[in-house]
Amino acid sequence: MVDSQIVIRAARASDVRRIREVTAPYVDSRAIVPKPAVSYYESLQEFVVAEIDEVIVGCGALHVMWENVAEIRTLAVDRSAKGRGVGSLLVDELLTRAKDLGVARVFCLTFETDFFARHGFVEIDGAPVEPTVFAELLQSYDEGVAEFLDLDRVKPNTLGNTRMLLTF
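The paragraphs below set out a description of the structure included in this document. Each chain carries its own residue numbering, running from 1 in the direction its sequence is written. The model is predicted, so local features are restricted to residues of pLDDT at least 70 and side-chain atom pairs to those at 80 or more, both for listing and for counting; the totals for chains, interfaces and linings are taken over all residues. Neither water nor hydrogens contribute to the side-chain values; these are computed over all heavy atoms in the structure.

**Description of the environment of Tyr-40**
As for its placement among the helices and strands, Tyr-40 is situated in helix 2 (residues 37-42). Spatially, the C-alpha atoms of Tyr-40 and Asp-15 are 9.8 Å apart, while their sequence positions differ by 25 residues. Ignoring anything within four residues of it in the chain, the contact list for Tyr-40 reads Val-16, Ile-19, Arg-20, Thr-23, Lys-35, Phe-47 and Thr-74. Helix numbers and strand numbers start at the N terminus; a helix is a DSSP run of H or I with at least 4 residues, a strand a run of E with at least 2. In what follows, residue pairs with any heavy atoms lying within 4.5 Å of each other are defined as contacts.

Below you can see the structure in the form of structure tokens.
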């Protein structure tokens, strides 16, 4: 039997329902922070999806936080497609997009440290940006930015996750 090709493409508004289905088990297990549907629509331009036979089997987003820092977030692969390289293809695409945007560092908050380490990410401690940028980022309402800054207010929601960073 021939293995179907995995296609990575930009997400469309019509994909949000399936993206939420793919991410639901990760939200249920607290690996992905729960978000209302409107948040997926508002950040749609950050998302890419993976398809096999025109069915979405994975997704991920790249959120730019500052001039030289972005975050890979909401990375999820449908259980039916696990082990087929979908997650790696999504990360590769998101890292390419980060480079194209001129972002020198990419952050993630994850339980999957071995997976991200294979892509060049390393665990970090402390403030990953200089004090003036830290002060600017404190003004963000985005929970992902708060996670990046390791603020106490997000720690109850992220217990056990590891902060990792890749520098190009």
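**Digging into the packing of aromatic side chains**
To describe a pair of aromatic rings, one takes the distance between the centres and the angle between the planes. Stacked, edge-to-face and tilted labels apply to pairs of Phe, Tyr and Trp rings (six-membered ring for Trp) whose centres lie within 6.5 Å, assigned for plane angles under 30 degrees, over 60, and everything in between, in that order. In the structure shown here, the tally under the stated rule is 3 aromatic pairs. Here the aromatic rings of Tyr-40 and Phe-47 are separated by 5.9 Å at their centres, their planes lie at 40°, and the arrangement is tilted. Think of it in three bands: residues with accessible area under 20% of the maximum for their type are buried, residues over 50% are exposed, and the middle band is partly exposed, with areas taken using a 1.4 Å probe on protein chains only. The exposure class of Tyr-40 is buried, given its relative accessible area of 3%. Their ring planes at 80° and their centres at 5.2 Å tell us that Phe-116 and Phe-121 sit as a pair that is edge-to-face. Phe-116 sits in the buried class, given a relative accessible area of 5%. Aromatic rings pair up to connect Phe-115, Phe-116 and Phe-121 into one cluster. Looking at Lys-35, its charged tip hangs above the ring of Tyr-40, at a distance of 4.7 Å from the centre. In this scheme, Lys NZ or Arg CZ marks a charge over a ring once it lies within 6 Å of the ring centre and within 35 degrees of the ring normal. The ring of Tyr-26 has Arg-79 sitting right over it, with the charged end atom 4.7 Å from the ring centre.

**Some thoughts on unusual backbone geometry**
The phi dihedral of Arg-30 falls on the positive side, at around 70°, and the residue is not glycine. By secondary structure assignment, the location of Arg-30 is in the loop between helix 1 (16-28) and helix 2. Here Thr-74, not a glycine, exhibits a phi torsion of approximately 55°, which is positive. With respect to the helices and strands, Thr-74 occurs in strand 4 (residues 69-77).

From the geometry alone we can't say anything about function, so treat these as descriptive.
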